[in-house]
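# Descriptive structure summary
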Amino acid sequence: MSISVLFSEFMELMNPTSIFNAFWATGFGIIVGMLPGLTATMGVALLTGLTFRFMPEQAMVVLISTYVGSIYGGSRSAILLNIPGTPANAATCIDGNPLARRGEAGYAIGLATTASGIGTFFGLVCLAVFSPLLGKIALQFGSWEFFVLSIFGIVICGNLTAPKDPLKGWIAGIAGLLLSQVGQDPIQALPRFTFGQLQLMGGLSLIPVLVGAYGVGEIIEVMQRPRDYTVRTKVRQVIPPLRDLFRYWKTILRSGIIGVLVGAIPGVGEDTASWISYDTAKRFSDRPDEFGKGSHEGLIAAETANNACIGGAVIPVLTLAVPGSAPAAVLLAAMWLHGIRPGPLLPIEQPFFIGTVTAIFLLSTIAMVVLGLSLVRPLVKVLQVPRMILMPVVFTLCCVGSFAVSGRLFDVYLMFLFGILGYFMRRNDFPAAPMVLGFILGPMADDNFRRAMIITGGDISPFFTRPISIILWLLTLAVILGRSTLFRKMLRSLKK
């Protein structure tokens, strides 16, 4: 797509209606992303029905703006409260919250906003230029590759979040995989691990698990701190200087590429992109010891990747009619609802639609950066609210968010259970992030493993012989061996 087409489509959007819709929808998305339990998927789904009578172009403005705002908005609660607003912002907690605790909350939010803006812009450029190419790459992934990719994501997450003992991180990840198997299996609908309980037949909902492990666990942890414990911070600087961004230009470029590539793989999503980018940044960093203690580079890597993933996730939606993430799946359904038929014939039937979507992303990015930077100072005040007031409010939102998913009181009980589990995991140095990621990737791993076994008649060799699978297994093995004490000792002995 030429620059002239993009410019022409963007200028057509420069009308009061489109600008108003972009700003209020982005603001709504930021609020949805900030609130524990409300995800980008839920935000886009809520507005899909409300935009039914909108013109298709304006409906896409609202939904895409909500998508962009939600993924970014989760960084606010991750930085200020150490609770990721969405699964895509779990990696942001690792360095974002330590920065807030040492008095750099405003700068951390400004850095996250800038990185998110750059990531989204990088994603929309790739959406415009590389849609056909990346669509073909994503098409090469079969059931075998999706299963191996799930294992790879859990190994990376466990390696990152348990720096003292990665084995604890991997155990937590495997536990998440096992928990995701509760309920009816997706192929034959046979009950698994339900123990005769009707409430478990539908499986465990993601939101109660996420909110419980992160939100309730964090609330219990905070309420146990000394009475005079408080986080003091002043907003001395919000917009990061250009030299700070240029210092990490390699990290920004690398994270943008990772985000787009992971987003283009159907069904993976922003959370995996964020973890892979964070791990890669740590491996290539000149100061890896700062990661987890308030690293600017780590925060930039996580936020650039998860926002770049948005553009990548929309690529298979437009070119293959296959969603790259859960919010993209809702966006795909909304397109069908408004008479738009994504897929190989889209460039023929609506030759300028990809340009329109790219222009909407550009407008949403501008709205996100403007609103994100202008609302930094009010949101930093969250840190100065006494925990006796703040934590009950957060707890109420956790309960509302868990209940709102399906209207079941059982989900609130489930949130309590995982909150207690998350607290004890924290106390014993078992990170919650691998468990949550394992729970997210579990259905994808299960579906694709069983589908692959059906296709091959029980032959497991394609898992280890297909080229992409081999690359993913080698990367997984490299991560494991890289943290193995015995392997490092062997390398040192060979060098001597």
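Preceding this section is the structure that the text describes.
Reading the values: rules and limits
Residues numbered from 1 in each chain as written. Predicted model: local features only at pLDDT ≥ 70, side-chain atom pairs only at ≥ 80, totals over all residues. Heavy atoms only, no water. Helix = DSSP H or I, 4+ residues; strand = E, 2+ residues; numbered from the N terminus. Buried < 20%, exposed > 50% of the residue type's maximum accessible area, 1.4 Å probe, protein only. Contact = heavy atoms within 4.5 Å. Areas by Shrake-Rupley, 256 points an atom, 1.4 Å probe, with all protein chains shown as cover. Patch = residues over 30% accessible without salt bridge, like charges linked within 9 Å, V, L, I, M, F, W, Y side chains within 5 Å. Salt bridge = Lys/Arg side-chain N within 4 Å of Asp/Glu carboxyl O. Expected span 1.5 Å × (residues − 1). Arc of directions from axis to C-beta. Core = buried A, V, L, I, M, F, W, Y, C linked by side-chain atoms within 4.5 Å. Axes fitted to C-alpha atoms, helices over the stretch in contact; angles between N-to-C directions. Parallel < 35°, antiparallel > 145°, perpendicular 65-115°, else oblique. Left-handed = near helix turned anticlockwise from the far one by under 90°. Nonpolar A, V, L, I, M, F, W, Y, C, P; charged D, E, K, R; others polar.

## Topic: the overall build of the protein
Helix and strand content of the protein: 24 helices and two strands. Out of the 496 residues in the protein, the part that is buried amounts to 58%. Sequence-distant contacts in the protein: of pairs separated by 6 or more residues, those separated by 24 or more amount to 78%. On the protein, roughly 21,300 Å² of surface is accessible, and the fraction owed to carbon and sulfur atoms is 69%.

## With respect to a nonpolar patch on the surface
On the surface, Met223, Met388, Ile389, Val393 and Leu397 cluster together into a nonpolar patch covering about 430 Å² of accessible area. Broken down by element, the residue count for the nonpolar patch peaks at four residues, all from helix H19 (residues 387-404). Position of valine 393 among the secondary structure elements: in helix H19. By relative accessible area, which is 45% here, valine 393 ends up partly exposed.

## Thoughts on helix H9 (residues 166-179)
The end-to-end C-alpha distance of H9, which contains 14 residues, comes to 20 Å, matching closely the 20 Å that a straight helix rising 1.5 Å per residue would cover. Along H9, the residues that are buried comprise Pro166, Gly169, Trp170, Ala172, Gly173, Gly176 and Leu177. Buried residues of H9, seen end-on, are gathered within an arc of 155° and therefore sit on one face of the element.

## Topic: the nonpolar core
Counting residues in each nonpolar core, the largest one holds 130 residues, and the members touching the most others are Met60, Tyr67, Leu318 and Phe361. When neighbours within four sequence positions are excluded, tyrosine 67 is seen to be in contact with Ala40, Val44, Glu270, Ile310, Ala313, Val314, Ser325, Pro327, Ala328 and Leu331.

## Some thoughts on the packing of helix H14 (residues 296-320) against helix H17 (residues 353-374)
Running from amino to carboxyl end, H14 crosses H17 at an angle of 160°, the nearest separation of the two axes being 12 Å. It follows that H14 is roughly antiparallel to H17 by the angle criterion. In the crossing of H14 with H17, the sense of the turn from one axis to the other is right-handed. Packed against H14, whose contacting residues are Asn307, Ile310, Val314 and Leu318, the element H17 presents Phe353, Ile354, Val357, Phe361 and Met368 at the interface. For the contact of H14 with H17, the class distribution of residues is eight nonpolar, one polar and no charged.

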